[in-house]
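# Structural overview for review
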Amino acid sequence: MRRGGGGGRGSGNYTNPCLTLHQPWASLLVYGIKRIEGRSWTAPIRGRLWIHAASKVPEEDTIKAMEDFYREIYAVNGITDIKFPEHYPVSRLLGCVEVVGCVRCDELASWEAVPEGVRLEGQTNFCWLCEQPKKLLVPFEMRGYQGVYNLEKKIFEAAVRGLVSVEGPMPVKFPFPDPQDPFSLKPGSISEGFSENKASGVEKSESLSVAIAGARAAATQHGQPDSKSLEEDKMPRSYSCGRYDEESLVPSHIEQHNPIQYQESSSRSQICEDLIRIPGASTKGFC
């Protein structure tokens, strides 16, 4: 296992893996509203993934587009009461989710074992399947890196004490092909028996189609190509549901040096103040 914290995507072995996303995608994931994290590369981990919000303040139009998108896809399953986050904080560690698998977009769209709304969330080459969201009682400031990176040990030790479980509007349990193998949900693992032309059976209403288009446009504004381009498999960079990822096509086993930081490092005093407000958190080493 890789030791220590900080520093970009590593060898593929992680101690406390973390991923930086733009808002509002980051909070939607931690609040259990977003159940699929889209990438142009397969998930290098299984288990807990910490979620960090980048420094870019989301525009109101972007928030509205994504909230409208989730209202529409939940409505497909009869869910109309969705409590969205009141705030979308930036430059903060927000919480975590459990990554239980990763499948291709076309597999997710045809997967009848999961609710229709979940299938509609898949808008990228690869879909990371997320369960068991937890949020921090007090999100605290920190810096982020490119790709999946190790959370700094001291931050992890403080954050893990401040987690509370979140009940999303419609939690989903993704069925494993092999219940004994935590990596059995991988690209190609559920496609057996799917016909080549089989697609999602969800009929898209006009409002749903508009919401999907709005979500794609919102992601494009953050530097991602329109997700429709995945049909042509010509994506030069990652449409990552709210995060620009320049190394998206680099295999996870290749060590990345000089990681891009999505926001400037927070001050020690700010971290100290945040840790003090987390029950049971130790400020040793910060204050």
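Starting afresh in each chain, residues are numbered from 1 along the sequence in its written order. Given that the model is predicted, a residue must reach a pLDDT of at least 70 before its local features are reported, and side-chain atom pairs must reach 80 or more before they are shown or counted; all residues, however, enter totals for whole chains, interfaces and linings. In computing side-chain properties, one takes all heavy atoms of the structure into account and sets aside hydrogens as well as water.

Helix numbers and strand numbers start at the N terminus; a helix is a DSSP run of H or I with at least 4 residues, a strand a run of E with at least 2. Secondary structure assignment for the chain yields 7 helices and 7 strands. Ordered by position from the N terminus, the helices and strands of the chain form the series β-α-β-β-α-β-α-α-β-β-α-β-α-α. Only protein chains enter the area calculation, which uses a 1.4 Å probe; residues under 20% of their type maximum are buried, those over 50% are exposed, and those in between are partly exposed. The buried share of the chain, taken over its 287 residues, is 53%. A fraction of 82% describes how many contacts in the chain between residues 6 or more apart in sequence connect residues 24 or more apart. The Shrake-Rupley method, run with a 1.4 Å probe sphere, supplies the accessible areas, and residue values consider only the shown protein chains as cover. In the form shown here, the chain has an accessible surface area of approximately 13200 Å², with 48% of it arising from carbon and sulfur atoms. Contact between two residues is taken to exist if any of their heavy atoms lie within 4.5 Å; hydrogens are not considered.

Side chains that are nonpolar tend, in soluble globular proteins, to be buried together. The term nonpolar core refers to a set of buried residues drawn from Ala, Val, Leu, Ile, Met, Phe, Trp, Tyr and Cys, joined through side-chain atoms within 4.5 Å. Among the nonpolar cores identified, the biggest contains 39 residues, and L49, I51, M66, Y70 and W128 are the most heavily contacted of them. If you list the elements that add at least two residues to this core, you get β1 (17-21), α1 (25-30), β3 (47-53), α2 (60-75), β4 (92-104), β5 (126-141) and α6 (206-220). If one sorts the elements of this core by residue count, α2 sits on top with 7 residues. Once residues within four sequence positions are removed from consideration, L49 is found in contact with P17, C18, L19, G95, C96, V97, V99, W128 and V148.

Our focus in this paragraph is the packing of aromatic side chains. Ring pairs shown here join Phe, Tyr and Trp side chains whose ring centres sit within 6.5 Å, with only the six-membered ring taken for Trp; geometry is labelled stacked below 30 degrees between planes, edge-to-face above 60, and tilted in between. Scanning the model with the defined rule gives 5 aromatic pairs in all. Judged by centre distance (6.0 Å) and plane angle (90°), the rings of W50 and F156 are edge-to-face. One end of the pair, W50, is in strand β3; the other, F156, is in helix α5 (residues 153-159), with 106 residues separating them in the sequence. For the residue pair W50 and F156, the accessibility class agrees, reading buried in each case. Considering the side-chain rings of W111 and F174, the 6.0 Å spacing of their centres and the 25° angle between planes classify their relative orientation as stacked.

Residues three or four positions apart in an α-helix share a direction because the helix packs 3.6 residues into each turn. Taking 1.5 Å per residue as the helical rise, α2 with its 16 residues ought to reach 22 Å, and the 22 Å between its terminal C-alpha atoms agrees with that figure. Of all the residues in α2, the buried ones are T62, I63, A65, M66, E67, F69, Y70, I73 and Y74. Looking at the packing, one finds that the buried side of α2 touches α1, α4 (116-121) and α6. In a helix, the anticipated span is given by 1.5 Å times the number of residues less one.

What you see with strand β2 (residues 36-39) is no split at all: I36 and G38 on one side and E37 and R39 on the other are buried throughout. Examined bridge by bridge, β2 and β5 share 4 bridges and lie antiparallel to one another. Bridge pairing in β5 places I36 opposite L129. The criterion for strand pairing is that DSSP finds at least two bridges linking the strands in question.

Taking 1.5 Å as the rise per residue, α6 with 15 residues should run 21 Å; its terminal C-alpha atoms sit 21 Å apart, in good agreement. Listed as buried for α6 are L208, A211, I212, A215, R216, A218 and A219. When α6 is viewed along its axis, its buried side chains cluster within an angular range of 160° and face the same direction. Facing away from the buried surface of α6 by more than 90 degrees, the exposed residues are E206 and V210. Of the surrounding elements, those touching the buried residues of α6 are α1, α2 and α4. The directions from the helix axis to the C-beta atoms form the arc being described.

Okay, the packing of α2 against α6 next. Here an axis means a line fitted to C-alpha atoms, over the contact stretch when the element is a helix, while the angle between two N-to-C directions is reported on a 0 to 180 degree scale. Where α2 contacts α6, the axes come no closer than 8 Å and their chain directions differ by 140°. Of the possible angle classes, the one that applies to α2 and α6 is oblique. In this structure, the crossing between α2 and α6 has a hand that is left-handed. Of α6, the residues touching α2 (which contributes T62, A65, M66, D68, F69, E72 and I73) are S207, L208, A211, I212, G214, A215 and A218. The residue inventory of the contact of α2 with α6, partitioned by class, reads 9 nonpolar, 3 polar and 2 charged. With respect to orientation, any angle under 35 degrees is reported as roughly parallel, any angle over 145 as roughly antiparallel, any angle of 65 to 115 as roughly perpendicular, and every other angle as oblique. Take the far helix as the reference: if the near one is turned anticlockwise from it by less than a right angle, the crossing is left-handed, and if turned clockwise, right-handed. Here the term charged refers only to Asp, Glu, Lys and Arg, the term nonpolar to Ala, Val, Leu, Ile, Met, Phe, Trp, Tyr, Cys and Pro, and the term polar to all other amino acids, Gly among them.

Right, let's get into the environment of V160. Of note, V160 is situated in the loop between α5 and β7 (163-165). For V160, a relative accessible area of 32% gives the class partly exposed. Distance in space between the C-alpha atoms of V160 and W50 is 10.0 Å, their sequence separation being 110 residues. Setting aside anything within four residues of it in sequence, one finds V160 in contact with R48 and W50.

This brings us to the environment of F183. Within the fold, F183 resides in the loop between β7 and α6. Along the backbone, F183 and G101 are 82 residues apart, and their C-alpha atoms lie at a distance of 6.6 Å.

The next subject is the pairing of β5. The pairing of β4 with β5 spans 10 bridges and is antiparallel. By the bridge assignment for β5, G95 is matched with K135. Across 3 bridges, β5 lies against β7 in antiparallel orientation. Looking at β7, one finds that L136 is bridged to L163.

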